[in-house]
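# Residue-level structure breakdown
So you can see what is in the structure, the chains are spelled out below.
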Amino acid sequence: MSGLADELLADIDDLNDAEGEEAEADETGGLVLEGGMKPADELDAEDRKLEGSKRMADILKEIEKYQANPSTPEAMSLPAHLNPEYTLIVQANNLSVDVDNEILVVHKFIRDHYAAKFPELEQLVPDPAQYVRAVRVLANTEDPTKADLAGVLPPAVVMSVLITATTTTGQTLTDAQWSAVEKACDLADKLEEARKKIFMYVSSRMNVLAPNLSAIVGTTTAAKLLGVAGGLGPLAKMPACNVHLLGAQKKIALGFSAYTQRRHTGFVFQSDLIQQTPAEYQLKVQRTVGAKSVLAARMDLERTRRDGSYGEELREKIEKHIDRLAAPPPAKTTKALPLPNDGPKKRRGGKRARKAKEAYAQTELRKLQNRMAFGEAEEEVGAFDQTKGLGMIGVGTGKVRAGMGEAKSRAKLSKANKLRTAALTRAAQGGSSTSGTATSLTVTPVQGFELTNSAAAAQRVKEANERWFASGNFSFVGQKGTSSRV
């Protein structure tokens, strides 16, 4: 029991110590973040690696040098290890990525410190550059609604910011806090200016660095893609399905209509090729443009087709694809109605129609099966429950074979065939009929078998009869003992 009591007392002491620490934190005051850390009063040296660094100064100096004296196209066509400006462009691209990261760090510092004055501004303006400009305009005034945000934020966002500023729970910052925020805003402006300078230089050299990629999306979009991807090499190795998402940002909803909000759109969506496409096909075309951009970047990385012809071919294919999508469907041909007629419709006749009719006609056997005698049970075939009735098949005759078909279902002869058949019949009936057992061989006692002409013999008999008996008279001969007169 003593052990349990000691553990309970130790737990109570721990709870008291924790309550004391929370009270001390409340007395010190200040904004505490979610992780339990209070934001720093000033930007550390680690957060300001680029501003005033030798690397950034050297690259900006080299950019100014090549802007004054650009390299010739022959020099830019050389391999990467022999072209110093190509190396500078790659370094400038990498520097722009680092500048963007440092701008995000400075934006986080400003956001953490200005949240005490206007905590809702972070949700209303998620873009870092717009947020810094809005903080500079709103400043540390007691009435934020008097600030002019017309040229800093979009009109819809300006309305939301001004309405939210009237009901905000923030408090005015102290002079030290506002001074730290102002210094961070100045640093963000310097970094933004350096980023724009690098971006303009890289954009001007895109036609030489990545001619095929620039032919598809333009120099501005090509520079943005290289800056976000980290150079031409990482962009060429990137999956095609991820390219159109480069540069995608969180959209500002603000409770307004979401119809105009385009999700999953990045720098590729801002290119002229996508903007000229009808709105219903833009999301589909941007995936095609992203895939073709990867192919063009790989061609530029290999330093082949430096004239940009490959990129122009890909752009033509994309334009043909857009034309196919936007093409109207084929017009339906209007079929004229048939002429109305009062008579019956003429159906096809002839041998083919008769054969088809006979093939699907009801047979005589089926007709007999469907008939039943009144008051008599029909015969059935089959077993168990699978039986079929025979109807009147075989009734009276006992035969199951069907009789001849009806006369109307028989094939009819045409008039010409009837005349021909009648002529053949008359010729057969008019001629002499010869027995099937007649032969030209005769048997004589002298020569044995002798070949004779029966027709010639019959003709000789007929001629003899006509000669001897044609004009003969008959007389009556009486019985013996009687007299007769001729």
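Residues numbered from 1 in each chain as written. Predicted model: local features only at pLDDT ≥ 70, side-chain atom pairs only at ≥ 80, totals over all residues. Heavy atoms only, no water.

## Here we look at the packing of aromatic side chains
In this structure the tally under the stated criterion is 1 aromatic pair. Ring centres 6.4 Å apart and planes at 50° place the aromatic pair Y114 and W178 in the tilted group. Placement of the pair is Y114 in helix α4 (residues 84-114) and W178 in helix α8 (residues 175-204), with a sequence separation of 64 residues. Across the pair, exposure class does not vary: Y114 and W178 are buried alike. (Phe/Tyr/Trp six-rings, centres within 6.5 Å; stacked < 30°, edge-to-face > 60°. Helix = DSSP H or I, 4+ residues; strand = E, 2+ residues; numbered from the N terminus. Buried < 20%, exposed > 50% of the residue type's maximum accessible area, 1.4 Å probe, protein only.)

## Overview of the packing of α4 against α8
Look at α4 against α8: their axes get within 9 Å of each other, and the N-to-C directions meet at 160°. Looking at the two axes, α4 sits roughly antiparallel to α8. Note on packing geometry: the crossing formed by α4 with α8 is left-handed. Residues that form the contact of α4 with α8 fall into these classes: 21 nonpolar, 3 polar and 5 charged. (Axes fitted to C-alpha atoms, helices over the stretch in contact; angles between N-to-C directions. Parallel < 35°, antiparallel > 145°, perpendicular 65-115°, else oblique. Left-handed = near helix turned anticlockwise from the far one by under 90°. Nonpolar A, V, L, I, M, F, W, Y, C, P; charged D, E, K, R; others polar.)

## Describing the packing of helix α6 (residues 128-138) against α8
Two numbers describe how α6 lies on α8: the axes approach to 10 Å, and their chain directions differ by 135°. One way to sum up the angle between α6 and α8 is to call them oblique. Where α6 crosses over α8, the handedness of that crossing is left-handed. Touching V132, V135 and R136 of α6 are W178, V181, E182, C185, D186, A188 and D189, all from α8. Taken together, the residues of the contact of α6 with α8 sort by class into 6 nonpolar, no polar and 4 charged. (Contact = heavy atoms within 4.5 Å.)

## What to know about the pairing of strand β1 (residues 380-383)
Taken together, the 4 bridges between β1 and strand β2 (residues 386-389) define a ladder with antiparallel strand orientation. Looking at the pairing, E380 lines up with G389 of β2. Counting the residues that bridge the hairpin from β1 to β2 gives 2 residues, and of these F384 lies at a positive phi of roughly 60°. (Pairing = 2+ DSSP bridges.)

## Here's the deal with the confidence of the model for the protein
The predicted model of the protein has a mean per-residue pLDDT of 76, with 72% of residues at 70 or higher. The element-level mean pLDDT for the protein is lowest in helix α1 (residues 2-28), coming to 53, with helix α16 (residues 309-326) highest at 90. When the criterion is pLDDT under 50, residues 252-260 qualifies, and its contacts beyond four places in sequence or with other chains add up to 9 contacts. (pLDDT = per-residue confidence, 0-100.)

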